[in-house]
Amino acid sequence: MDALKNILSPLGMNTGAIQDTLKLVVIGGTVETARRASVSAWNGFVDSFFLTAHFSQEDYPYDWLMHWLAKQPAWGRSREFEITTRSAGRTGLTESTTGDLEDDEEDDGLVHGRRKRTVAFMPSLDTTHTIYYRGHWLRITRTKRYPDYGHGSALKISVVARNNDILKKLVLEAKREYEKDAEHRVHIFLADTTYGCWRWNGARQKRPMSSIVLQPGVKDMLLADCKDFLCSEEWYAERGIPFRRGYLLHGVPGSGKTSLIHSLAGELGLDIYVVSLSSKGMSDNTLTTLMGHVPTRCILLLEDLDAAFTRSVSRDSTSTGAPTSSTSTTATTTETNDGSTLSLSGLLNSLDGVAAAEGRLLFATTNHIERLDPALSRPGRMDVWVNFTHATKWQAEGIFKCFFPYKPASAAATSNTAPTDASQKNLPLPQREATSHVVPLLSEEEISELAKRFAAAIPEDELSVASLQGYLLKNKTRPRECVDDVDEWIIQERETREKLKKEKAEREAKEKKEAEEKEKKEKEAKEAKEKEEKEEKDRLERREARAKVKQLAKEAAAKSTSSAPTTSTSTESAPVAAAKETTSTESSASSESEIV
């Protein structure tokens, strides 16, 4: 300090003020350094006692914890929260939370055709909440990993404990509660080609296997084969066979292929992962990435496999699998603009290549199996084939009995006649009150008699299962009238099909005629344009010929004035002959153009 004073004294500066400033700088720096060191030491000391677990939205434990937290009273009493009506989150479960706001004066039911909305209080993002669990205080923080994209939530849970046993108990308890509440639902995931990942699309109510009416033995065979495969992982490993199984469901549209897959997923407790091979941005690399991220125990669904590499293809039986003439231009434009570069070899490699996932059940549906490449439908890729046809009389009788239950004779009969189908054991109880539109309960004998009459009236292998279901839905409270009016409905269906067929033929004929007229007009316009261009070319040639003649005449006149009389005579004869020759050429060209 004395040395600094000696340096500044010749400059005439006030050394006292500078000394005070330097003292403050030194003291402030010392205090800040001590503060940072103490904070770092304290954080290290605290972190040595805290256990922190991170949960990402892309994995199942996040769903378990969020469902568990929704039932905790402290979660609903948060001091900072969001008010929302979207209580059904990514899990698809609509369980009421402790933060829900309910109006006691309003009764349950529908308001103008829709259910009343529940107002829920959800803790805000980027805030820390404290929950007491089994003698430990949990610090929970919910954040957004990708705020710009609106998805990618994360959950962080910290607890003061010597080991992670408390976190293990928390995760297992949340898992049990989640599986208990999600027992009656099937989760659907869709392929996101933009980011090459799977996106949760919703949770659907399980469909009992008894509601699927197929040919005798088909349903039981598929269910037994799927269960046997899921239990045979060691058997496949011992023999060096890839642990994969493929099922090809082919047949007419509306025959119940997708419904069967939905029912099997509910019966086996598996999620469904759906891939659209013709979606925008689908490529070999994207499909391989998606297949590599498929979980080991799930159902992978490829719908409309025959239309994977075509655009604007009709689904009827007369279609050849190629775009029609009226849509070929549009199809070409779509193929060039949709960004889909998936190839058959890429699809085959993703199904059973080195990077393909194992342990999944592959289901593929198609309406035209004859269009599939043999390499795609061979055993190893598609091991089991099931053909779906139009409804038979046996199916019609079974569907009728599914729609109209019979009245048990007594309470004892009710317990004795309980459904033996395993899929009926875990069905959720109805949550709504009985309405005025109830199905009349008839006796078992009457229902059987009506079902036989209904099946006898249905033509064999003519109507689809979807059309039968649509007719029964329109008469779901009128079993007797449904049977009485079925003949009239069949006539209407046939007339409708004939009308649609006729309209389709007329539309195709009209489109063909318009295409021919358009082609004729384009041809005429092209010929007229060529003729006009030729005439214009002839006019230009004649104009150039006349200009050339005039130029030659001028040159001859100029030479005649400067040459001798004897040479002028010979010079005159030359341009005159040239002029005559040019005139004859012009007349011949004009005559040719007139002939054309």
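Residues numbered from 1 in each chain as written. Predicted model: local features only at pLDDT ≥ 70, side-chain atom pairs only at ≥ 80, totals over all residues. Heavy atoms only, no water.

**Q** Describe in detail the sheet that holds strand E11 (residues 197–205), supporting the description with residues and values.
**A** Within the open sheet, the seven strands sit side by side as E11-E10-E13-E14-E15-E12-E16. Their pairing is mixed. Here the strands that pair on one side only, and so sit at the sheet edges, are E11 and strand E16 (384–388). Within this sheet the neighbouring strands show an average axis-to-axis angle of 25°, counted without direction. When strand E12 (residues 245–251) meets E16, the two strands line up parallel, connected through five bridges. Residue pairing for E16: Leu248 is matched across the bridge by Trp385. Together, E12, strand E15 (361–366) and E16 form the strand contacts of helix H6 (residues 218–230), whose direction differs from that of E16 by roughly 155°. Against the sheet, helix H8 (residues 257–268) contacts strand E10 (185–192), E11, E12, strand E13 (272–275), strand E14 (299–302), E15 and E16, and its axis sits at roughly 165° relative to E15. (Pairing = 2+ DSSP bridges. Helix = DSSP H or I, 4+ residues; strand = E, 2+ residues; numbered from the N terminus. Axes fitted to C-alpha atoms, helices over the stretch in contact; angles between N-to-C directions. Contact = heavy atoms within 4.5 Å.)

**Q** Before we move on, could you go through helix H15 (residues 465–474) and cite the residues and values that matter?
**A** Looking at H15, one finds that the buried residues are Val465, Ser467, Leu468, Tyr471 and Leu472. In a view along the axis of H15, the buried residues occupy a sector of 165°, so they form one face of it. Residues of H15 that are buried sit in contact with helix H12 (393–403), helix H14 (444–457), helix H16 (479–484) and helix H17 (486–562). (Buried < 20%, exposed > 50% of the residue type's maximum accessible area, 1.4 Å probe, protein only. Arc of directions from axis to C-beta.)

**Q** Kindly report on a nonpolar patch on the surface, identifying the contributing residues and their values.
**A** On the surface, Trp42, Phe45, Phe49 and Val160 cluster together into a nonpolar patch covering about 440 Å² of accessible area. Tracing the backbone shows Phe45 in helix H2 (residues 15–47). (Patch = residues over 30% accessible without salt bridge, like charges linked within 9 Å, V, L, I, M, F, W, Y side chains within 5 Å. Areas by Shrake-Rupley, 256 points an atom, 1.4 Å probe, with all protein chains shown as cover. Salt bridge = Lys/Arg side-chain N within 4 Å of Asp/Glu carboxyl O.)

**Q** Outline the nonpolar core, listing residues and values.
**A** Counting residues in hydrophobic clusters, the biggest one holds 30 residues, and the most contacted among them are Leu260, Ile272, Ile299, Leu361 and Phe363. Looking at this core, the elements that each hand over two or more residues are E10, H6, E12, H8, E13, E14, E15 and E16. Per-element accounting of this core gives the leading share, six residues, to H6. Once residues within four sequence positions are removed from consideration, Ile299 is found in contact with Ile261, Leu264, Ala265, Leu270, Asp271, Ile272, Tyr273, Leu361 and Phe363. Core analysis: the second largest hydrophobic core is formed by 26 residues, Trp198, Val275, Cys298 and Leu342 among them. (Core = buried A, V, L, I, M, F, W, Y, C linked by side-chain atoms within 4.5 Å.)

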